[in-house]
Amino acid sequence: MIVILNNKASDKQIDDVIKYLEDYGFQIHKSVGVERTILGAIGVKPNFDIRKIKILDGVADVYRITAPYKLANRSFNEDGTKINIKDVEIGNDQLVLMVGPCSIESEKQIFTLAEVVAKSGAKILRGGAFKPRSSPYSFQGMGEEGLKLIRAAADEYNLLVITEVMQIDHIDLIHKYTDIYQVGARNMQNFSLLKELGKTDKPVMLKRGLSALIEEWLMSAEYILAGGNKNVMLCERGIRTFEKYTRNTFDLSAIPIVHKKSHLPVIADPSHATGLRDQVPPMARAAVAAGADGLMIEIHNDPENAFSDGPQALLPDTYLSLIQELKLIANAIGREI
Ligand code: PEP
Ligand code: MN
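Computed from a predicted model, the values in this text were never measured in an experiment.

**Describing the side chain of Gln109**
Here's step 1: Relative to the assigned elements, Gln109 resides in helix H3 (residues 107-119).
Here's step 2: According to the relative accessible area criterion, Gln109 is buried, its value standing at 4%.
Here's step 3: A polar atom in the side chain of Gln109 sits 2.9 Å from the backbone nitrogen of Glu105.
Here's step 4: With residues near it in sequence (within four places) discarded, Gln109 still touches Pro101, Ser103, Ile104, His300 and Asn301.

**Focus on the packing of H3 against helix H4 (residues 144-156)**
Here's step 1: Closest axis-to-axis distance for the H3/H4 pair is 9 Å, and the angle between their directions is 30 degrees. The pairing of H3 with H4 is recorded here as roughly parallel in orientation. You can see that H3 and H4 cross each other, and the crossing is right-handed. Two secondary-structure elements touch here, H3 through Glu107, Ile110, Phe111 and Ala114 and H4 through Leu149, Ile150, Ala152, Ala153 and Glu156.

**Some thoughts on the site of ligand 1**
Here's step 1: Looking at ligand 1, there are 13 residues lining it, with Arg126, Gln182, Ala185, Lys207 and Arg237 nearest.
Here's step 2: A distance of 3.4 Å separates an oxygen atom of ligand 1 from a polar side-chain atom of Glu298.
Here's step 3: Computed on the free molecule, ligand 1 has an accessible area of 300 Å², of which 97% lies beneath the protein chains in the complex.
Here's step 4: Of the residues assigned to the shell around ligand 1, the class counts are three nonpolar, three polar and seven charged.

**Section: the sheet that holds strand E4 (residues 59-63)**
Here's step 1: The antiparallel open sheet is built from four strands, whose spatial order is E2-E3-E1-E4. Since the sheet does not close on itself, it has two edges, and those belong to strand E2 (27-32) and E4, each with one partner. Strand-to-strand twist of the sheet, defined as the mean angle between neighbouring strand axes without regard to direction, takes the value 20 degrees.
Here's step 2: One ladder, built from three bridges, connects strand E1 (residues 2-5) with strand E3 (residues 37-42); its direction is antiparallel. Residue pairing for E3: Ile2 is matched across the bridge by Gly40.

**A short note on the domain arrangement of the protein chain**
Here's step 1: The assigned domain composition of the protein chain is domain 1 (2-64) and domain 2 (83-332).
Here's step 2: Look at where the C-alpha atoms of domain 1 and domain 2 centre, and you get two points 44 Å apart.

**Regarding the packing of aromatic side chains**
Here's step 1: Inspection of the entire model under this criterion finds five aromatic pairs.
Here's step 2: On the basis of an interplanar angle of 50 degrees and a centroid distance of 5.5 Å, the ring pair of Tyr20 and Tyr24 is categorised as tilted.
Here's step 3: Take Tyr20: its relative accessible area is 27%, and that puts it in the partly exposed class.
Here's step 4: Relative to Phe48, the ring of Phe26 lies with its centre 5.2 Å away and its plane at 80 degrees, an arrangement referred to as edge-to-face. With Phe26 in the loop between helix H1 (11-23) and E2 and Phe48 in the loop between E3 and helix H2 (51-54), the pair connects residues that are 22 residues apart, well separated along the chain.

**A short note on the packing of helix H7 (residues 214-226) against helix H8 (residues 254-261)**
Here's step 1: Running from amino to carboxyl end, H7 crosses H8 at an angle of 50 degrees, the nearest separation of the two axes being 11 Å. Overall, the two elements H7 and H8 adopt an arrangement that is oblique. Remark: the crossing between H7 and H8 carries right-handed chirality. On H8, the residues touching Ile214, Trp217 and Leu218 of H7 are Ala254, Ile257, Val258 and Lys261.
Here's step 2: Of the residues assigned to the contact of H7 with H8, the class counts are six nonpolar, no polar and one charged.

How each quantity is defined
Residues numbered from 1 in each chain as written. Chains lettered and ligands numbered in written order. Predicted model: local features only at pLDDT ≥ 70, side-chain atom pairs only at ≥ 80, totals over all residues. Heavy atoms only, no water. Helix = DSSP H or I, 4+ residues; strand = E, 2+ residues; numbered from the N terminus. Buried < 20%, exposed > 50% of the residue type's maximum accessible area, 1.4 Å probe, protein only. Polar contact = N/O pair within 3.5 Å; in protein donor to acceptor, adjacent residues only side chain to side chain. Contact = heavy atoms within 4.5 Å. Axes fitted to C-alpha atoms, helices over the stretch in contact; angles between N-to-C directions. Parallel < 35°, antiparallel > 145°, perpendicular 65-115°, else oblique. Left-handed = near helix turned anticlockwise from the far one by under 90°. Near = heavy atom within 4 Å. Areas by Shrake-Rupley, 256 points an atom, 1.4 Å probe, with all protein chains shown as cover. Nonpolar A, V, L, I, M, F, W, Y, C, P; charged D, E, K, R; others polar. Pairing = 2+ DSSP bridges. Domains from an automatic or database assignment. Phe/Tyr/Trp six-rings, centres within 6.5 Å; stacked < 30°, edge-to-face > 60°.

Put into structure tokens, the structure is as follows:
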């Protein structure tokens, strides 16, 4: 931690700050400049609240130099985490595609879309059976019936399943049907859910919260990792800003930043990030170029009548031609789709 003293700080105030830090077990390196004194406080204390120092007399500013997340930190696994599920590996040069409808709606719908997903070469079928909706009057998902359908459709086309878990008492039920648990943006800081997912043996994809800092997102991943589950991936799905022309603002820069700060794979979701069908292809192309380890894309064969998120769903043909473009972009940066 770096402590910058006020340029008018008295010798007594500086000594008091040093004594305070030493009492907490920090080793102090003091450097006296022409204008002000700077203290380097050495010691790894992830839980130390730096506001304790900020409020001391004579202190101008305080900066933390070590990240509060340890297990999610890049330095914990310099080579990057690889997640293996059956014959799919996530986090290598081969990008992973997670594609399907927002909600599982019927047997016909999920089988039709699973066929499109398989045809594109994607390996993972997405679809929600428990939906986090802003309105209690909107479609809430098919529940276990939907889980059965998505599992059957995935098995038919040799695909893996990713589906959202919203609450602790659904973890065991969903475990029977899914290959990957998705934690939605609205649950990113549901710490009790994250702790329980830390105990499961299936991978978890943690979406970024609607207004979460990257550091908060990584701290949430830390909860799952600390519980013992090493198979965690992150998903950038756009954040809430003042912009109204898109549903969310796609924070593309989060992709290279997370890669620098963490060893966890990053999936990009241009569907929720933009919320508008015509914005999805350009942002999908950008996400591949930015180095995403995979994409989550919503598709629908009848988006006009979709139960949720129809306006952001790609039609199968648009999706299939997008994949051809994405292959070229991936190749250009030494990766494959
Ligand atoms: C979804 O994937 O359908 C979903 C609800 O996503 P998010 O949590 O990112 O809003
Ligand atoms: Mn959706």
